[in-house]
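Single-letter residue listing:
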Amino acid sequence: MPHIGLLGKSAQEFTTRVSGGLATWAGRFTLTPYRLKVQGTAGSGKTQLALQELRRAEQAGKRAIYVCFNRALAEALKPLAPRSATVVTLHEFARELGAQKGISFDFTQPDVYQQMISVLREHSAAVSGLFDTLVIDEGQDLAASWVEALLPLANLNGRITLLEDPEQVLYDRDRYMAQEWALLESPVNFRSPRALVEFMNLHQLTEKPIVAGSGVRGFEPQWFEYSDKKSLLDQTEAALKQLLDQGYLPQSIVILTFSGAANSCFFAGDAPRGLCNLPLIRQEGYTADGQLRYTEGKVLIETLFRFKGQAADAVILTEVDFDQLDSRARRRLFVALSRARLHVALVTTRRAREALQGD
């Protein structure tokens with residue numbers, strides 16, 4: 001029987017190899033000007049497509065920029081992107097624009113991100129036409145006015161690709177519809193194991209069923225039930241111990257909280273520093289100049305919001321609590337569950353489990 005770590009590595013390599021189809025088809029479009037909207041489910045290969053666009057630009061000696069919403073996604077993409085490409089979040093780009101205009105931002109202020117968006121919308125015209133290739137990722141998280149401020153970055157003959165997954169909408173914002181653009185759709189998830197795709201389809205977490213494209217069967221989700229704060233911590237630790245006992249390395253496991261950081265006991269002032277005698281890697285906010293601060297540890301704990309666009313062999317989704325499986329709960333579950341390559345453990349209240357299972 002293969003070691004679970006090798007199985008996870010194999011799943012990751014398989015996903016990278018077979019999810020290139022989306023990029024292949026996008027590269028075959030002949031559009032003048034090149035304006036392509038890609039609606040792909042989680043694990044469909046949108047990152048592969050983005051990297052292809054950046055590499056194509058570098059090979060042609062052209063300037064390219066990739067802009068997304070989630071900082072962790074941008075940081076994960078930077079080592080993979082060509083050195084000549086600019087990879088930033090929307091707010092990082094706004095910050096750079098501000099610096100050019102002599103505007104600085106204090107990240108200890110609660111409205112700093114609203115200030116950055118204002119700078120973006122007011123000053124993006126100053127760099128109009130600077131790039132030959134523009135890739136905008138996580139379009140479902142961006143307000144239409146934000147996308148409209150980014151579009152002029154590409155010159156008139158430039159290539160613009162907008163990547164999104166409507167099933168992962170977590171914010172109540174009016175999206176840029178790109179109605180006159182060419183549209184490429186993909187319902188195939190190459191990352192999530194087949195057992196997990198079947199689970200997500202069974203509980204109708206997406207508007208339309210997704211297609212399992214992984215060659216890995218994976219494991220059925222495991223359930224852990226909590227009723228109060230103490231049992232929540234105990235059951236989350238029990239889920240982690242079970243995964244460790246099964247052979248998962250600490251760095252291949254991520255704990256995601258179903259609630260945001262502001263409402264999670266794992267990000268509160270009295271949050272546990274570790275579980276199973278392993279210190280937790282936890283985001284602790286920003287320095288005044290905008291740098292992320294993390295605790296030192298072995299197992300990452302994050303919100304499902306900030307872990308979008310990333311993946312792990314095993315995911316523990318904790319603090320799952322809701323009365324009914326409405327669209328908000330479905331989307332949060334889909335975003336979180338689709339991060340796993342092999343295994344998911346669900347730490348839920350009884351009412352959430354019953355709502356999910358329809359009991």
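## Here we look at the overall build of the protein
Here's step 1: In terms of regular secondary structure, the protein is built from eleven helices and 16 strands.
Here's step 2: Rg of the C-alpha trace for the protein: 21 Å, near the compact-globule value of 21 Å for 359 residues, within the 12% margin.
Here's step 3: Taken over the C-alpha atoms alone, the protein extends approximately 55 × 45 × 35 Å along its principal axes.
Here's step 4: Of all intrachain contacts in the protein linking residues separated by at least 6 positions in sequence, the fraction that spans at least 24 positions is 72%.
Here's step 5: Counting only carbon and sulfur atoms, one obtains 49% of the accessible surface of the protein, whose full area is about 16,500 Å².
Here's step 6: Distance between charge centroids for the protein: 5 Å, based on 41 positive and 41 negative side chains.

## Thoughts on the nonpolar core
Here's step 1: One finds Phe93 and Leu120 to be the most contacted residues of the largest nonpolar core, which totals 34 residues.
Here's step 2: For this core, the secondary structure elements donating two or more residues are strand E2 (64-68), helix H5 (90-100), helix H6 (112-123), strand E4 (131-136), helix H7 (144-150) and strand E5 (154-164).
Here's step 3: Membership of the second largest hydrophobic core comes to 31 residues, among which are Phe199, Leu205, Val315 and Ala336.

## As for the pairing of strand E6 (residues 182-186)
Here's step 1: Across the two faces of E6 the burial differs, with Ala182, Leu184 and Ser186 buried and Leu183 and Glu185 not buried at all.
Here's step 2: Pairing analysis gives five bridges linking strand E1 (residues 35-40) to E6, with the strands arranged parallel. From the neighbouring strand, Leu36 faces E6, where its bridge partner is Ala182.

## Let's talk about unusual backbone geometry
Comment: phi is negative for the bulk of residues other than glycine, and the bulk of peptide bonds are trans.
Here's step 1: Backbone torsion omega between Thr32 and Pro33 reads -5°, so that peptide bond is classified as cis.
Here's step 2: By the element assignment, Pro33 lies in the loop between helix H2 (21-27) and E1.
Here's step 3: In the Ramachandran plot, Ala178 falls in the positive-phi region, its phi being about 50° despite a non-glycine side chain.
Here's step 4: For Ala178, the position within the fold is in the loop between E5 and E6.
Here's step 5: A positive phi is found at Asn277, a non-glycine position, where the angle reads about 65°.
Here's step 6: With respect to the element layout, Asn277 can be found in the loop between strand E11 (274-275) and strand E12 (278-286).

## Quick look at the pairing of E2
Here's step 1: Burial analysis of E2 places five of its five residues in the buried class, which makes it a mostly covered element.
Here's step 2: Neither face of E2 is exposed, since Ala64, Tyr66 and Cys68 on one face and Ile65 and Val67 on the opposite face are all buried.
Here's step 3: Examined bridge by bridge, E2 and E4 share four bridges and lie parallel to one another. Residue pairing for E4: Ala64 is matched across the bridge by Thr133.
Here's step 4: The pairing of E2 with strand E3 (residues 86-89) spans four bridges and is parallel. If you follow Cys68 over to E3, its bridge partner there is Thr89.
Here's step 5: Read as a crossover between parallel neighbours, the route from E2 over helix H4 (residues 71-77) to E3 is right-handed.

## Brief notes about the environment of Asn157
Here's step 1: In this structure, Asn157 sits in strand E5.
Here's step 2: Linking Asn157 and Gly129, residues 28 residues apart in sequence, is a C-alpha distance of 9.3 Å.

## Here we look at the packing of aromatic side chains
Here's step 1: What the rule picks out here adds up to seven aromatic pairs.
Here's step 2: Seen in terms of ring centroids, Tyr171 and Phe305 are 6.1 Å apart; in terms of plane orientation they differ by 45°. Their pairing is tilted. Residue Tyr171 is found in the loop between E5 and E6, and its partner Phe305 is found in the loop between strand E14 (299-303) and strand E15 (312-320); the two are separated by 134 residues along the sequence.
Here's step 3: Looking at Phe305, the relative accessible area reads 13%, which means it is buried.
Here's step 4: When the centroid spacing of 6.0 Å and the interplanar angle of 65° are considered together, the rings of Tyr176 and Trp181 count as edge-to-face. Taken individually, Tyr176 and Trp181 each receive the classification buried, so the pair is uniform in this respect.
Here's step 5: Site record: aromatic cluster; members linked through ring pairs are Phe69, Trp146, Tyr171 and Phe305.
Here's step 6: The ring of Trp25 carries Arg28 above its face, with NZ or CZ at 4.9 Å from the centroid.
Here's step 7: The ring of Tyr171 has Arg173 sitting right over it, with the charged end atom 4.4 Å from the ring centre.

## Focus on the sheet that holds E2
Here's step 1: Read across the sheet, six strands follow the order E3-E2-E4-E5-E1-E6 without closing on themselves; strand pairing throughout is parallel. In the strand order of this sheet, the two ends are held by E3 and E6, each with one partner. On average, each strand axis in the sheet is inclined to that of its neighbour by 15°, with strand direction left out of account.
Here's step 2: Bridging between E4 and E5 involves five bridges; their strand directions are parallel. Among the inter-strand pairings, Ile136 is bridged to a residue of E5, identified as Leu162.
Here's step 3: Sheet strands touched by helix H3 (residues 46-59): E1, E2, E3, E4 and E5. Its angle to E5, the strand with the most contacts, is close to 165°.
Here's step 4: With respect to the sheet, H5 is in contact with E2 and E3, its orientation differing from that of E3 by roughly 105°.

Conventions and cut-offs
Residues numbered from 1 in each chain as written. Predicted model: local features only at pLDDT ≥ 70, side-chain atom pairs only at ≥ 80, totals over all residues. Heavy atoms only, no water. Helix = DSSP H or I, 4+ residues; strand = E, 2+ residues; numbered from the N terminus. Rg over C-alpha atoms; globule rule 2.2 N^0.38 Å. Contact = heavy atoms within 4.5 Å. Areas by Shrake-Rupley, 256 points an atom, 1.4 Å probe, with all protein chains shown as cover. Lys, Arg positive; Asp, Glu negative; His and termini not counted. Charge placed at Lys NZ, Arg CZ, Asp CG, Glu CD. Core = buried A, V, L, I, M, F, W, Y, C linked by side-chain atoms within 4.5 Å. Buried < 20%, exposed > 50% of the residue type's maximum accessible area, 1.4 Å probe, protein only. Pairing = 2+ DSSP bridges. Right-handed = clockwise from strand over helix to strand, strands pointing away. Phe/Tyr/Trp six-rings, centres within 6.5 Å; stacked < 30°, edge-to-face > 60°. Lys NZ or Arg CZ within 6 Å of the ring centre and 35° of its normal. Axes fitted to C-alpha atoms, helices over the stretch in contact; angles between N-to-C directions.

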